Every structure is written in structure tokens, then in C-alpha cells.
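Each chain, written out:
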Amino acid sequence: MLFLTENAQSIVTDLAAQPGQPGAAGLRIVSESEVEPALLVSTAAAPEPGDVTVEQDGATVYLDQTAALLLDDKILDAAVDPDGKVEFALAVQP
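Residues numbered from 1 in each chain as written. Predicted model: local features only at pLDDT ≥ 70, side-chain atom pairs only at ≥ 80, totals over all residues. Heavy atoms only, no water.

### Regarding the environment of L40
For L40, the position within the fold is in strand β3 (residues 39–44). Contacts of L40, omitting those with residues within four sequence positions, involve R28, I29, V30 and E32. (Helix = DSSP H or I, 4+ residues; strand = E, 2+ residues; numbered from the N terminus. Contact = heavy atoms within 4.5 Å.)

Structure follows, in C-alpha cells:
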């Protein structure tokens, strides 16, 4: 199952807590294609039907079925660059 670093947990929690987001808000990751994996990341009020929900220390991530398979053995990290842009990175779990 996808694992979130402490940085990712903090950033996902902060994104979900932005004004206008409901209490169940989280990050949603979807795969655009099974052939050439490309992931789209956005905030979401709730999971879509069929999504896998990953909850870790207050951070919630919703994964569509394809993204859940692709990220099953991954670690999600995140950082904020000097311009305030959130950057995500993936690594393989040891």
C-alpha cells in the first residue's frame, strides 16, 4: 500500500484544510493511462466510486484503481519549492 512520508502527510493535510474543502477532503491521484503511466494529482472532496482510500496520520489520499496498482509499493514524498509550488516524488519501498 502507498506510504506517505511525514512531509507528504503534512502537505496533504494542509491542502485538504484549505478554505472551501469539506472535512473529508484529501488528495486524489488518478492514472491517465495504463499503457504510459502518468499520474494526475488534485484535491478532492471525497473518493470517487471504486477509489482506494489511504489514510495515514490524518492525511487522506484517494487513488483510482489503476493508480492504486501502480503505487502499491511506493512511497509518496512532497515538498514546497521557494515559489510555493507543491512538488511530489515517488520512491520504491524498501
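### Observations concerning the nonpolar core
General note: in soluble globular proteins, nonpolar side chains tend to be found buried as a group. Core analysis: the largest hydrophobic core is formed by 16 residues, its most contacted members being L2, L4, I29, V61, L63 and L76. Contributions of two or more residues to this core are made by α1 (6–16), β2 (26–31), β5 (59–63), α2 (65–70) and β6 (74–80). Those residues within four positions of V61 in sequence are excluded, and the remaining contacts are L2, L4, V12, L27, I29, V52, T53 and V54. (Core = buried A, V, L, I, M, F, W, Y, C linked by side-chain atoms within 4.5 Å. Buried < 20%, exposed > 50% of the residue type's maximum accessible area, 1.4 Å probe, protein only.)

### Some thoughts on the sheet that holds β6
With mixed pairing, three strands are arranged side by side in an open sheet as β1-β6-β7. One side of each edge strand has no neighbouring strand; the edge strands of this open sheet are β1 (3–4) and β7 (86–92). On the sheet, α1 packs against β1, β6 and β7 and is oriented at approximately 65° with respect to β6. (Pairing = 2+ DSSP bridges. Axes fitted to C-alpha atoms, helices over the stretch in contact; angles between N-to-C directions.)

### Examining the side chain of R28
Within the fold, R28 resides in strand β2. In this structure the side chain of R28 is engaged in a polar contact, spanning 2.6 Å, whose partner is the side chain of D51. Once residues within four sequence positions are removed from consideration, R28 is found in contact with L40, V41, S42, A44, E48, D51, Y62 and D64. (Polar contact = N/O pair within 3.5 Å; in protein donor to acceptor, adjacent residues only side chain to side chain.)

### With respect to the sheet that holds β5
Spatially, β3-β2-β5-β4 is the arrangement adopted by the four strands of the open sheet, whose pairing is mixed. With partners counted over all chains shown, the strands left at the sheet margins are β3 and β4 (52–56), one partner each. Between one strand axis and the next, the sheet turns through 25° on average, direction left out of account. The sheet contact formed by β4 and β5 spans five bridges and is antiparallel. Bridged to E55 within β5 is T60. Lying on the sheet, α1 is in contact with β2, β3, β4 and β5; it crosses β5 at an angle near 85°.

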